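Here is what each chain is made of, one letter per residue.
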Amino acid sequence: MDKTSINTIVTIVGIIVTSLFGVIGVFLSELLMWAKLAICLAILLVVVILIIWILQRRKKQLIKDCLDNKDFREYWLDRTEGKPYVAIEYQKTSPAEYDEPNQPNEKVERYSLTEAFVEDFFSQKHRGSTYAAILGDSGSGKTTALVNLLIDYINHYGTVSLPYHIRLFNMGNKDVWNEIEKFFNEKDKGKYILLLDALDENEEAQEKQATNGIKDYKKKVLEERTKGVARVVVTCRPQFFRDEKSEPDEIDRTKGVIRKWERYYVSPFSKAQVGSYLTQKFGVPDGDPRHEKARKIVFGCPLVFCRPLILSWIDELVDLIPDSEKLSVKEVYKQIIAAWILRESDGNEEKAVALYAFSYGLAVFMYIHGINKVNEEQYRQFQTESKMGNEDYMFRERSLLTRGTDGGYKFSHKSFYEYFLAQLFFQQPDAIDSVQGLDFAVRIFDELYEEYQTAGKHPEEDDARVAMALRNLGYKLEVVNHLKEAEKESQKALALYRELAGGNKDFDSYVAMVLNDLAVLHYKTNQHDEAEAEYAEALGIYRDLAEKNPEAFLPYVAGTLNNLANLHGDIQHYQEAEKEYAEAL
């Protein structure tokens, strides 16, 4: 290879190397630029994450500042610690219009309380009312609703863009107004939302309510002391007001037709909400015995577990209710009523005993007088007759009662009323006057009898009382045409009377009496063979008794002969009917 060729090759190699270094330089330059960009993006991402973290921390801190106190800490922790949470809904009509709060679930429209308040009432765009009342019975979720409205409001707007500052106060605290006045000065009032929980537990309001002055309290105290505040939300039990017209729901005529107060009734939980709560608490049903038992209890007593407070007791109830193939509804109600009454009595057992006696006595009074509600006059009559209930708080504030839209007071759940009546029917057979519309009472009565049976041998006088209760219940069920249920109760009474008569012939007449009841029932249902046999057996017993005491039992012989003759006439056994009519005469 000559020198020229070598120079050419060297030149080419030099050009290639130079080009390569140039390309590498450009690549490294681009790489450095992208690296710088990546670093900038990473820094930006860290800053964004830090800002989000700071804002979230500020939101959590603000929520903690509002709720980390003796009044609301438990509710706040329930929400933050991941315990079951079901959003509260509201409706425009009072659940107290119905026998059971969840009765209208499929008929009444329900709305999101969060949407109504967080997105509308609490926003600066809202025009109209300044005040809102959230009304609900004991355990309906009013305090939970306020706590979660506060949390949802702060989470929705964030701490930077909150339309108004917000604070929650317990109206049951003696110095609540001092707490509120210390919280902000006069010129800052328009920057705040006040959430005032449990108006019915405020002593000053209670004093006014006792003298029919609750409207004055609302106007001269509540509205006057919160004048200028951006929004005010109050929770209260509806029975704290005399009637629906007394509840906060007013038009402010001084500002045209602007509604001064808005009214929201807390909705009972729907079946879907109850199911959601159980799933959150226990997980998806997977054969877990505790979960299965909880569902058995809840869906076996659907009338009461629509109430959030009662649903929240499910853990305790799972422990307290005995394990058995058949659910004891009586035992579930016994535990629920005891827990509710103790809660209403602030844990004071002496007060709880008095409140239970009051509740039972009022149920009996209502049944005897044929009423399903009591007005003021009837309540005073009950006080006079029973010498109970002299504390008005038992009537209006701390009790198992609620107020209907017409001002009459009734049990929060009709099934509570019927639970007490079942006790009455079982203990005092002569008290059974009518069981029309009292199917739940009959169900509890049957469980009381089953419990009585399994308890072992009883004194004769107890068996006699229970047998009479069964007989009376069967007779009353037959009168209102509940024939299957009537036959069941009468058969139980007959079995018990036969057992008693085996050791004491004084009970023979009771055996005949129940046989006659069953014969009438079977005659009604065209079971003529059974009716004929029962009339014949009753007639035989009455004949034997009439031989020893004709004055007392000959009328029963004649009555049974007449009944048997009517039966034989209907089935065209005319000869027997003629003989029986003749003998009866």
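Cut-offs used in this document
- Residues numbered from 1 in each chain as written.
- Predicted model: local features only at pLDDT ≥ 70, side-chain atom pairs only at ≥ 80, totals over all residues.
- Heavy atoms only, no water.
- Helix = DSSP H or I, 4+ residues; strand = E, 2+ residues; numbered from the N terminus.
- Buried < 20%, exposed > 50% of the residue type's maximum accessible area, 1.4 Å probe, protein only.
- Areas by Shrake-Rupley, 256 points an atom, 1.4 Å probe, with all protein chains shown as cover.
- Pairing = 2+ DSSP bridges.
- Contact = heavy atoms within 4.5 Å.
- Axes fitted to C-alpha atoms, helices over the stretch in contact; angles between N-to-C directions.
- Salt bridge = Lys/Arg side-chain N within 4 Å of Asp/Glu carboxyl O.
- Arc of directions from axis to C-beta.
- Polar contact = N/O pair within 3.5 Å; in protein donor to acceptor, adjacent residues only side chain to side chain.
- Core = buried A, V, L, I, M, F, W, Y, C linked by side-chain atoms within 4.5 Å.
- Parallel < 35°, antiparallel > 145°, perpendicular 65-115°, else oblique.
- Left-handed = near helix turned anticlockwise from the far one by under 90°.
- Right-handed = clockwise from strand over helix to strand, strands pointing away.
- Patch = residues over 30% accessible without salt bridge, like charges linked within 9 Å, V, L, I, M, F, W, Y side chains within 5 Å.
- Phe/Tyr/Trp six-rings, centres within 6.5 Å; stacked < 30°, edge-to-face > 60°.

Honestly, the overall build of the chain in this entry has me stumped. Any pointers?
Helix and strand content of the chain: 23 helices and eleven strands. Counting only residues that meet the buried cut, the chain has 47% of its 585 residues in that class. For the chain, the computed accessible surface area is about 30,200 Å², with 53% contributed by carbon and sulfur atoms.

Before we go on, may I ask you to explain the sheet that holds strand E3 (residues 131-135) in this structure?
An order of E2-E1-E9-E3-E6-E5-E4 is seen for the seven strands of this open sheet, with the pairing classed as mixed. Unpaired on one side and paired on the other, strand E2 (111-112) and strand E4 (165-170) mark the two borders of the sheet. Two elements, E3 and strand E9 (residues 261-266), share five bridges in a ladder whose sense is parallel. Bridge pairing in E9 places Leu 135 opposite Tyr 265. Against the sheet, helix H5 (residues 176-183) makes contact with E4 and strand E5 (192-197), and its axis sits at roughly 165° relative to E4, the strand it touches most.

How do you make sense of the pattern of salt bridges when you look at a structure like this?
Close approach of charged atoms allows side chains of opposite charge to pair. In total, this model carries 26 salt bridges according to the counting rule given. Measuring nitrogen to oxygen at the nearest pair gives 3.7 Å for the salt bridge that ties Lys 191 to Asp 188. As a salt-bridge pair, Lys 330 and Glu 451 come within 3.0 Å of each other at their nearest N and O atoms. In this pair, Lys 330 sits in helix H12 (residues 329-344) while Glu 451 sits in helix H17 (residues 439-454), placing the two residues 121 residues apart along the sequence. Under the relative-accessibility criterion, Lys 330 is labelled buried at 5%. A single salt-bridge network, built from bridges that share partners, covers Asp 200, Arg 237, Arg 343 and Glu 344.

Teacher, can you tell me more about helix H14 (residues 376-386) here?
Every α-helical turn comprises 3.6 residues, leaving residues that sit three or four positions apart pointing alike. For H14, the set of buried residues is Tyr 379, Phe 382 and Gln 383. For H14, the angular spread of buried residues about the axis comes to 100°, placing them on one side. Facing away from the buried side of H14 by over 90 degrees, the exposed positions are Glu 377 and Thr 384. At the N-terminal end of H14, a side-chain oxygen is found 3.2 Å from the backbone nitrogen of Glu 377, two or three residues along, and the residue is Asn 375. Lys 387 sits one or two positions beyond H14 and adopts a positive phi of about 55°.

Honestly, unusual backbone geometry in this entry has me stumped. Any pointers?
Of note, Ala 198 is a non-glycine position whose phi angle comes to about 65°, a positive value. The phi dihedral of Asn 481 falls on the positive side, at around 70°, and the residue is not glycine. Along the chain, Asn 481 turns up in the loop between helix H18 (460-479) and helix H19 (483-503).

Explanation requested: the pairing of E3 in the structure shown.
On a regular strand, each side chain points to the face opposite its neighbour's, so the side chains alternate between the two faces of the sheet. Burial runs high along E3: five of the five residues are buried. A two-sided burial pattern is seen for E3, the buried positions comprising Tyr 131, Ala 133 and Leu 135 on one face and Ala 132 and Ile 134 on the other. Relative to strand E6 (residues 231-236), E3 is paired through five bridges, and the arrangement is parallel. Bridged to Ala 133 within E6 is Val 234.

Help me understand the side chain of Thr 235 in this model?
With respect to the helices and strands, Thr 235 occurs in strand E6. One polar contact links Thr 235 to Asp 197, side chain to side chain, over a distance of 2.5 Å. Those residues in contact with Thr 235 that lie beyond four places of it in its chain are Ile 134, Lys 142, Leu 146, Leu 196, Asp 197, Ala 198, Leu 199 and Asp 200.

When you look at the nonpolar core in this model, what are you seeing that I'm missing?
One broad rule of soluble globular proteins: the nonpolar side chains tend to lie buried together. Ranked by internal contacts, the top residues of the largest apolar core, which has 138 residues, are Leu 67, Phe 117, Phe 122, Tyr 153, Phe 305, Phe 416 and Phe 425. Setting aside chain neighbours within four positions, we find Phe 122 in contact with Phe 117, Leu 149, Tyr 153, Pro 163, Tyr 164, Ile 166, Ile 193, Leu 195 and Val 233. If you look at the next biggest cluster of nonpolar residues, it comprises 26 residues, including Met 171, Ile 180, Leu 199 and Val 234.

Please explain the packing of helix H3 (residues 113-121) against helix H4 (residues 142-157) as it appears in this structure.
Following both chains from N to C, one finds H3 and H4 inclined at 50°, their axes separated by 10 Å at the closest point. By the angle between their directions, the pair H3 and H4 is classed as oblique. The hand of the H3/H4 crossing is right-handed. Here Leu 113, Thr 114, Phe 117, Val 118 and Glu 119 of H3 come into contact with H4, specifically with Ala 145, Leu 149, Asp 152, Tyr 153, His 156 and Tyr 157.

Even after reading the chapter, I still don't get the pairing of E5, so can you show me in this structure?
Of all six residues making up E5, six are buried, and the element is well covered by its neighbours. Relative to E5, E4 runs parallel, the two sharing six bridges. By the bridge assignment for E5, Asn 170 is matched with Asp 197. The handedness of the E4 to E5 crossover, carried by H5, is right-handed. Direction of pairing for E5 relative to E6: parallel, over a ladder of four bridges. Among the inter-strand pairings, Leu 196 is bridged to a residue of E6, identified as Val 234.

Quick question: what am I supposed to make of the environment of Ala 357 here?
Position of Ala 357 among the secondary structure elements: in helix H13 (residues 349-368). When the C-alpha atoms of Ala 357 and Met 388 are compared, they prove to be 8.2 Å apart, with 31 residues separating the residues in sequence.

Which parts of the structure should I look at to understand a nonpolar patch on the surface?
A surface patch of nonpolar side chains, about 690 Å² in accessible area, is lined by Met 33, Trp 34, Leu 37, Leu 41, Leu 44, Val 48 and Ile 52. When you line up the elements, Leu 44 lands in helix H1 (residues 3-67).

Teacher, can you tell me more about the packing of helix H20 (residues 508-524) against helix H21 (residues 528-548) here?
Each pair of packed helices can be summarised by the angle the axes make with each other and by the distance between the axes. At their nearest, the axes of H20 and H21 sit 8 Å apart, and the two run at 155° to each other. The angle between H20 and H21 places the two elements in the roughly antiparallel class. At the point where H20 passes H21, the crossing takes the left-handed sense. Together, Asp 508, Ser 509, Val 511, Ala 512, Met 513, Leu 515, Asn 516, Leu 518, Ala 519, Val 520, His 522 and Tyr 523 of H20 and His 528, Glu 530, Ala 531, Glu 534, Tyr 535, Glu 537, Ala 538, Ile 541, Tyr 542 and Leu 545 of H21 make up the contact between the two elements.

I keep staring at the packing of aromatic side chains and nothing clicks. Help me out?
To describe a pair of aromatic rings, one takes the distance between the centres and the angle between the planes. In total, this model carries 33 aromatic pairs according to the counting rule given. Considering the side-chain rings of Tyr 367 and Phe 425, the 5.3 Å spacing of their centres and the 65° angle between planes classify their relative orientation as edge-to-face. In this pair, Tyr 367 sits in helix H13 while Phe 425 sits in helix H16 (residues 414-427), placing the two residues 58 residues apart along the sequence. No difference in accessibility class separates Tyr 367 from Phe 425, as the two residues are buried.

How should the side chain of Arg 237 be read in this particular structure?
Within the secondary structure, Arg 237 is located in the loop between E6 and strand E7 (251-252). A distance of 2.8 Å separates polar atoms of two side chains, one belonging to Arg 237 and the other to Glu 344.

Geometry only, nothing functional implied.
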